[in-house]
Each structure stands twice: as structure tokens, then as C-alpha cells.
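# Understanding the architecture of this molecule
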Amino acid sequence: MTARNPVGVGVIGAGNISDQYLTNLTRFPDVHVLVVGDLDTARAESQARKYGVQEWGTAADVLAHPDAEIVVNLTVPAVHAEVSSAILAAGKHVWSEKPIAVDRADARALLDQAAAAGLRIGVAPDTILGPGLQTALRAVARGDIGTPLSAQTVMQYAGPDLWHPAPEFLFAKGAGPLFDMGPYYLTALVCLFGSVTRVAALGSTARAVRTVRSGERAGTDFEVAVPTHVSALAQFEGGGVGQSVFSFDSPLTRTGFVEITGTEGTLVLPDPNAFAGQVRITRVQQRGRDPEWETVTPVGIEAGRGLGVLDMARAIRGGGPHIATGDLGYHVLDTMTSIDEAVASGETVRVASAAPGTPLVPEDWDPFGVTA
Ligand SMILES: NC(=O)c1ccc[n+]([C@@H]2O[C@H](COP(=O)([O-])OP(=O)(O)OC[C@H]3O[C@@H](n4cnc5c(N)ncnc54)[C@H](O)[C@@H]3O)[C@@H](O)[C@H]2O)c1
């Protein structure tokens, strides 16, 4: 079925992650991708042609498109704020890949600019709209594990220099394991526990120089500007505590590990960098026995990256808030920046901002349905 009034979408940034966005945004009926832009216009053209998008060009061409209401910012973190600000200045709503910006001042300026212009900002990760986290949020809200007390998360592997053809930005300010992968884990924890109020952390950098390992530039050395291993502790507003490892220094891959322990049980979540997966609960076991698992009945339809853009598009047409807001993105950036400061200073750091409550996605929410 075709929507009568789909929301026009432009995309700036036709790199690695644009495949996932363009795959999904071109199959959700409520949005219509009109134009793709990149500094490298040949890349924009090739991605546009691959996904049947009619127009391509530079970022300026996307901003000038009269029917693009939302522009999706898939550039590298160092220019997220600059590109998002230009999108707002062109009178369009922003969906930004994470993080919203690389420092608090730029992120705050964007939120102020959007508010003054009456425009929306949505920020990745939109995995929080996926069936995996939505099922877990409902389980916690129902009291399936009693009162949530603590969280453990682990994201460790040998690093994106292994697979990304241009991995330099992932070891620059605004990235590293904390700022690149932290948004998935910390956004999930903030949705489950509420705002982070203070953090402590230690970090290290295994190698000052790393080497591109895949693609045409394999063998190229580059400098590392950030800690590549961070161990962080977080206190949440209700008193819960979390401990998280973010590492690009581990030969042993352990990613997507998220456990929430409550007074009545421990909830195991799927990878917060994925949209779906099993949610399981175990309760106190007898000594010497293996844990017994209950599987939580899943809700929702699996789709993938672009759900946040779709949710924002539907909110634009229907009124009301969207879910993955700029304010949530700001709080997660503020938390990560505080963790980074704690690594540098060795001190506990208070987190000043608060996250807005995250509304649940309705159980019958169908990304492939027509509502516009
Ligand atoms: N690669 C992944 O698996 C992945 C997953 C989730 C999120 N992300 C996020 O998506 C974003 C992009 O990551 P990527 O891996 O696609 O990076 P990438 O380097 O492959 O692609 C970025 C693209 O943006 C373009 N670009 C940079 N500055 C620009 C500007 N000022 N104007 C127009 N185009 C510009 C580049 O030319 C490039 O084509 C990052 O924020 C990253 O954190 C990436």
C-alpha cells in the first residue's frame, strides 16, 4: 500500500551505515527518500541508484530540496553538529546518527536552535524502538524482576580497525569505544533506570598507532586520540547502579552483554546494538544447579535502522512527541562526556542533565503499515 502523504526524507552521508538506513527507509510506506548527498557525490549517486532514490548530489543539494522535511545526518561524529545545524537552518527536522555532537556546548546549541525554529531533533540509537528493548522495558515496568537494582554491560572486541574501510574517525574525539558504542548501552540503561546522576571511570589506551585492516587502504597507519578501554560505574536517579566495559582492545569478543538484576530475578537483554532478540529471566537457583530460564513473550515487529526516522515522521504528521529525542541524546552525550572526564581526572563526576521519560512504542506499532 502507498501512503497518501509520506514524509519527504533527505540523507546526508552515503558511507558504511547508509546501506542499512536506505534499505529500510525505502520500504517504510510512511516516508519517501527523495535525495542522497555526500562530500563524495559519486558515492551519493551510487547509493541513490542502488536504492532507487531519484536525486543525489552534495549536502547543499539535500538542504535545497523543497520536499525533504526530515534530513538524516549519517556523517562522521566530528561534523554531526555542523551538519545538523545547517539542516535546521534550512528549515528541516534532523535525525542524527550518534552522538548528537562531540561536546556538550555544540549539542546544547543544536537543541536551542531546534526549539527556536520549532523543529525536531531525533538521535540514534533507534534500537530502543525495536522489539528487543521494548520487550525488556515492558518486563521491567510489569515488575517481572521486582525492583531493578543493578546493571552490567560488556562491549569488548579487537576494534573497528579490523572491518571498517575508513576507521580513523572511530579512534578520534567523539568516538572510541565509549562514544561510538556507549550510546547503545547507556541509552538502554537510561530507558530502564532513568537518568544517570554521577559516574566514575578508569581507562587506558593499548596502542597509540593502529592500522587499517580492510578495504583499499589496508596497511595504512593512523593515530589513536582516545582511550580504547573504559571501565565505567554509573549511579541512576532511583539509586540503581551500573557497571560497563567499553573496549576496542580485547582479542576476546564479548558484545551485546546486558544484564539487569532486580529484587526478584535477573533479566538478560539482547544486544542493544540490535533491534530484536530474546529477553530472558532467571531467578534464584539452588546451589549447584544450572539456572532455569523464562523467556519473556516478545512484542513488536522487527525492522532495523531507520525506525527512529519513521517514528519522527509519524509524529510530524500526527502531532505528539517522538521517542528517540534530542534531549535523550544530549543526556547520553553528557553521561559519556562525564565518564571521559572521570577517566582523565580520576574523580567521580556529577551528571547535570536529566533524561526525559521514554514512552513505550505501542504494541501494534507496524513500521510497514500506512498511517500518513
Ligand atoms: N558503520 C557502522 O556500522 C555504524 C553503525 C551505527 C552507526 N554508525 C554511525 O553512522 C555515522 C556514519 O558512520 P559510517 O560508518 O557510515 O561512516 P563513513 O565514514 O563510512 O561514512 C560517512 C560519510 O559521510 C560523508 N561526509 C562526511 N562529512 C560530510 C559533510 N560535511 N557533508 C556531506 N557528507 C559528509 C563522508 O564522505 C562519508 O561518505 C557515524 O556517526 C557512526 O557513528 C555507523
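Structure: see above.
Residues numbered from 1 in each chain as written. Predicted model: local features only at pLDDT ≥ 70, side-chain atom pairs only at ≥ 80, totals over all residues. Heavy atoms only, no water.

What follows deals with the overall build of the protein chain. Across its full length, the protein chain holds 9 helices and 17 strands. Taken over C-alpha atoms, the radius of gyration comes to 20 Å for the protein chain, in line with the 21 Å a tight globule of 372 residues would show. Seen along its three principal axes, the alpha-carbon backbone of the protein chain occupies a region of about 65 × 50 × 35 Å. Here the protein chain holds 372 residues, and the buried ones make up 55% of them. In the protein chain, 73% of the contacts between residues at least 6 apart in sequence involve partners at least 24 apart. Averaging the positions of the 27 positive and the 40 negative side-chain charges in the protein chain gives two centres separated by 4 Å. (Helix = DSSP H or I, 4+ residues; strand = E, 2+ residues; numbered from the N terminus. Rg over C-alpha atoms; globule rule 2.2 N^0.38 Å. Buried < 20%, exposed > 50% of the residue type's maximum accessible area, 1.4 Å probe, protein only. Contact = heavy atoms within 4.5 Å. Lys, Arg positive; Asp, Glu negative; His and termini not counted. Charge placed at Lys NZ, Arg CZ, Asp CG, Glu CD.)

Here the focus is the pattern of salt bridges. Counted according to the given criterion, the structure contains 14 salt bridges. Residues D19 and K50 are paired through a salt bridge, measuring 2.9 Å at the closest nitrogen-oxygen approach. Here D19, found in helix 1 (residues 18–25), pairs with K50, found in helix 2 (residues 41–50); they are 31 residues apart in sequence, far enough to count as distant. A residue is classified by how much of its surface remains accessible, and D19, at 25% relative accessible area, is partly exposed. On the basis of relative accessible area, K50 is assigned to the exposed category, the value being 52%. For D249, the salt bridge goes to R210, with nearest N and O atoms at 3.0 Å. Here D249, found in the loop between strand 12 (241–247) and strand 13 (254–262), pairs with R210, found in strand 9 (residues 209–211); they are 39 residues apart in sequence, far enough to count as distant. (Salt bridge = Lys/Arg side-chain N within 4 Å of Asp/Glu carboxyl O.)

Bringing the site of the ligand into the picture now. The environment of the ligand is formed by 23 residues, the closest being N16, I17, D38, R43 and H164. At 2.9 Å, a backbone N or O of N16 approaches an oxygen atom of the ligand. Residue L39 places a main-chain N or O atom 3.2 Å away from a nitrogen atom belonging to the ligand. In the complex, 86% of the free accessible area of the ligand, which totals 820 Å², lies under the protein chains. Breaking the shell around the ligand down by element, the ones donating at least two residues are helix 4 (80–89) and helix 7 (176–193). (Near = heavy atom within 4 Å. Polar contact = N/O pair within 3.5 Å; in protein donor to acceptor, adjacent residues only side chain to side chain. Areas by Shrake-Rupley, 256 points an atom, 1.4 Å probe, with all protein chains shown as cover.)

Fair warning: the whole summary comes from geometry, so function is off the table for now.
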